[in-house]
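Structural characterization, general
Listed here are the chains, written in short residue letters.
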Amino acid sequence: IFILYALFIIFRRLSKDFAWARFYFISWVPFLAGAAIQPLVLLNYVDSTFITRNAFLFAVMIEITFMAFALAERMRRNEQDRIHDISYHDFTRLPRKSMLENAMNEMKISGKNDFCVLIIKPEHIEQISLYIDDKANAALFKRLSRRLSSLFIHNDAIVKLSSNHEKICFLENNCLAIIVNNEKNQQDLPVLIKSIQQLTSETFQIDDLKLPLSAVIGVANHPEHGSANYLLINHAQLAVNDAQLVYGRWAYYQSEKSDHTSYLLKLATDLKEAIENDTLAIYHQPQIDLKTLRVCSSECLIRWEHPREGFISPDIFIPLAEDLGLINQLTLWVIKRALAQHQQILVNNNHMVSINISGKDIAHEHFFTNALSIIEESGIAADKIILELTESASISHNKQSLELIQKLGDLGFTISIDDFGTGYSSMAQISHLPFQELKVDRLFVENVNDDHKRKTIAEATVKMAKGLGLEVVAEGINSQEDEDTLRSFGCDIGQGYYYAKPMPIDDYLDWLASQNNGRTQKRVDLDGEFIPADKI
Ligand code: C2E
Ligand code: MG
Ligand code: MG
């Protein structure tokens, strides 16, 4: 009885956890029986027949058959586990994107084409997930999906993703997704969305932390917003971004925006081609010493004449190049060209060259070494080169970039902070950057006298920078009044359409030659002979 009970326990356990192992286990029974029968035949306890005489042989054959079953079952189980692992997210145990896609395929195959994908994103989840570990993150999504399941379980319009009635999919970027069959959806979509938002807008407790959560929802309709699965999902994701900006916290995908995205992608491809084919141009805009009115340097500004689109502003393609990783290549091209053209300027003039460097350039060590070798090849000394940094705040937060800027300063380059006063470049943020020059953004300079607030900001900025021992450049000087006002504040250098617009190198050389012995034609009667020590 005890042995039978033990066998029963073992069998039960095996059938539960290792179903395949029970075949191994069973295979031993005929083997043992066969092994027992044969001696019994020899001792004449059992009749000698064909079967009993060959009992051991038969037992081995049965055992092999069971073993084969066991092996097949084991392989089937492994395959099932593998598919399960691929289909379900590790921590949340929720269906993954592949199951969402399968369900979408099934909808399409069965002719149910009127459906939409809804992506539900807990607001601020990117930030929240930085403070919690994977397990807590998964717990949050498990709870969220449990709540939503209670809403979806009796709603036939929400498409099942598996035979287990699962309806919610977990996307790797911390979002949940569902498919809604529009034909079956009795209520309006906004009503369904409202109830999802209500269910998810409660406080979630993670460990001891109580988090107020709310959901933003993006919707993409099939086939209107894309027929390929990946497109629908991506478009619903894009709609989530828009949803964050609207009052109702949900949005449909807007195709015009995507047209814009693909336009920009095409533009980036053309830009890369233009860099490689050398079809970009560099324009020069003079910078004037406000004390002596001498031209003390020129800023090199990139120009792109697109073969079909015409002139495209750097304000459009520079951020694009930064986003798509083309900026290093672009800036190296600019440095090479700008320095070659500067050699031409140096034949009859003695001034510095100012080149724009993006914050995204500085983060790369290889950019630094490549730039230095191009500069070395050009033969132009570092103390004749000004590097204008845009997005200087992001540089000041990156240790490696900061070190590279320091090295550039040590090598003798003048580091200039561009567009000061706009964007993120506040004094607090750039105060640890080693720089010598500050360019006050043209927003505060152009027609400075027309606006009292602008004038006050310009004055305070220039005085503060001078107090810190910096050289100050005013961009966007448009008139004699602008120049006079900025000079009265203590500004050293002016740049703007009042003196000259940016121009190609040949025009610039002519322009320089037409100036009065290196001074601009404007107001030559100005007294004062001061020339900043590190200029000219
Ligand atoms: P930025 O470096 O602040 O360049 C000055 C911009 O102001 C130039 O525009 C110039 O044409 C314009 N400007 C100059 N004087 C006046 C004026 O009196 N009034 C007005 N309204 N505008 C004036 P641009 O050439 O369109 O360049 C725009 C921005 O694109 C630049 O701003 C710079 O941030 C970026 N950029 C241009 N070339 C390059 C480059 O080679 N590399 C990088 N990384 N950025 C560049
Ligand atoms: Mg600049
Ligand atoms: Mg600027």
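Notes on the structure in this doc start here. (Residues numbered from 1 in each chain as written. Chains lettered and ligands numbered in written order. Predicted model: local features only at pLDDT ≥ 70, side-chain atom pairs only at ≥ 80, totals over all residues. Heavy atoms only, no water.)

Side note on the coordination of the magnesium ion (ligand 2)
In plain terms, the rule: For Na, K and Ca the donor cutoff is 3.2 Å, while for all other metals N, O and S atoms count as donors only within 2.8 Å; water does not appear among the atoms, so some sites may look incomplete. Counting from the N terminus, the helices are the DSSP runs of H or I reaching at least four residues and the strands are the DSSP runs of E reaching at least two. Think of it in three bands: with a 1.4 Å probe and only protein chains considered, a residue is buried below 20% of the maximum accessible area for its type, exposed above 50%, and partly exposed in between.
Those donors, E299 (OE), N356 (OD1), E388 (OE) and D418 (OD), are the protein atoms that reach the magnesium ion (ligand 2), and they lie 2.0 to 2.2 Å from it. Here the donor residues of the magnesium ion (ligand 2) share one chain and are spaced in sequence as E-x56-N-x31-E-x29-D. In this model, the magnesium ion (ligand 2) sits 4.0 Å from the magnesium ion (ligand 3), the two metals being bridged by D418. Note that N356 is positioned in strand β11 (residues 352–357) and E388 in strand β12 (residues 385–389), a separation of 32 residues in sequence. Note on N356: relative accessible area 23%, which makes it partly exposed.

Remarks on the coordination of the magnesium ion (ligand 3)
Around the magnesium ion (ligand 3), the protein supplies D418 (OD), D419 (OD), E475 (OE) and E475 (OE) as donor atoms, at distances of 2.0 to 2.4 Å. All donors of the magnesium ion (ligand 3) belong to a single chain; written as a sequence motif, their spacing is D-D-x55-E. Judged by its relative accessible area of 9%, E475 falls in the buried class.

A look at the environment of H306
Convention followed: Contacts: residue pairs with any heavy atoms within 4.5 Å of one another. Throughout this description, a polar contact denotes any pair of N or O atoms lying within 3.5 Å of each other; where both atoms belong to protein, one of them has to be capable of donating a hydrogen while the other can accept it, and for residues adjacent in sequence the pair is counted only when both atoms sit in side chains.
Within the secondary structure, H306 sits in strand β9 (residues 295–306). Sequence spacing of H306 and L280 is 26 residues, and the spatial spacing of their C-alpha atoms is 8.9 Å. Apart from residues lying up to four places away in sequence, H306 is in contact with L267, D270, F311 and I312. A distance of 3.1 Å separates a polar side-chain atom of H306 from the backbone nitrogen of R308.

Description of the site of ligand 1
Here is the rule: Nearness of a residue to a molecule or strand requires only that one of the residue's heavy atoms be within 4 Å of it. Reported accessibility uses the Shrake-Rupley method at a 1.4 Å probe radius. Residues are deemed covered only where the shown protein chains occlude them. As a working rule, the residues Ala, Val, Leu, Ile, Met, Phe, Trp, Tyr, Cys and Pro are called nonpolar, Asp, Glu, Lys and Arg charged, and the rest polar, with Gly in that last group.
Within the structure, ligand 1 sits among 24 residues, and R303, D418, D419, R442 and Y497 are positioned closest to it. In the environment of ligand 1, an oxygen atom lies 2.8 Å from a nitrogen or oxygen atom belonging to the side chain of R303. One of the side-chain nitrogen or oxygen atoms of E446 is found 3.1 Å away from a nitrogen atom of ligand 1. Within the complex, the protein chains bury 91% of what would otherwise be the 790 Å² of accessible surface of ligand 1. Listing elements by their share of the shell around ligand 1, those giving two or more residues are β9, α11 (314–323) and β13 (414–420). With four residues, the top contributor of residues to the shell around ligand 1 is β9. For the shell around ligand 1, the class distribution of residues is eight nonpolar, seven polar and nine charged.

Looking at the pattern of salt bridges
The criterion, for reference: We count a salt bridge whenever a side-chain nitrogen from Lys or Arg sits within 4 Å of a carboxyl oxygen from Asp or Glu.
Per the stated rule, a full pass over the model turns up 20 salt bridges. Taking the shortest distance from any N to any O, the salt bridge between K439 and E388 comes out at 2.8 Å. Of this pair, K439 sits in strand β14 (residues 437–440) while E388 sits in strand β12, and the two are 51 residues apart along the sequence. Accessibility assignment for this pair places K439 and E388 in one class, buried. Each of E299, E388, K439 and E475 takes part in salt bridges that share partners, so that together they form one network.

Describing the nonpolar core
Here is the rule: In this description, a nonpolar core means a group of buried Ala, Val, Leu, Ile, Met, Phe, Trp, Tyr and Cys residues linked to one another through side-chain atoms lying within 4.5 Å.
Within the largest apolar cluster, 77 residues are counted, with the highest numbers of intra-cluster contacts made by L271, L280, L330, I335 and L486. It is helix α12 (residues 327–348) that provides the largest number of residues to this core, a total of nine residues. Discounting chain neighbours no more than four positions away, the residues touching L486 are V445, V448, V462, A474, I477 and C491. Membership of the second largest hydrophobic core comes to 30 residues, among which are L144, L189, F204 and L213.

A few points about the packing of helix α2 (residues 21–42) against helix α4 (residues 55–87)
Defined as follows: Only the contacting stretch of a helix is used when fitting its axis, a line to C-alpha atoms as for every element, and angles between N-to-C directions run 0 to 180 degrees. Oblique is the label for any angle not under 35 degrees, not over 145, and not in the 65 to 115 range, which are roughly parallel, roughly antiparallel and roughly perpendicular in turn.
Relative orientation of the contacting elements α2 and α4 amounts to 175°, with a least axis distance of 8 Å. What the angle tells us is that α2 and α4 run roughly antiparallel. Of the residues in α4, those in contact with F23, Y24, I26, S27, W28, P30, F31, G34, A35, I37 and Q38 of α2 are A55, F56, A59, V60, I62, E63, F66, M67, F69, A70, L71 and E73. Residues of the contact of α2 with α4, tallied by class, amount to 18 nonpolar, three polar and two charged.

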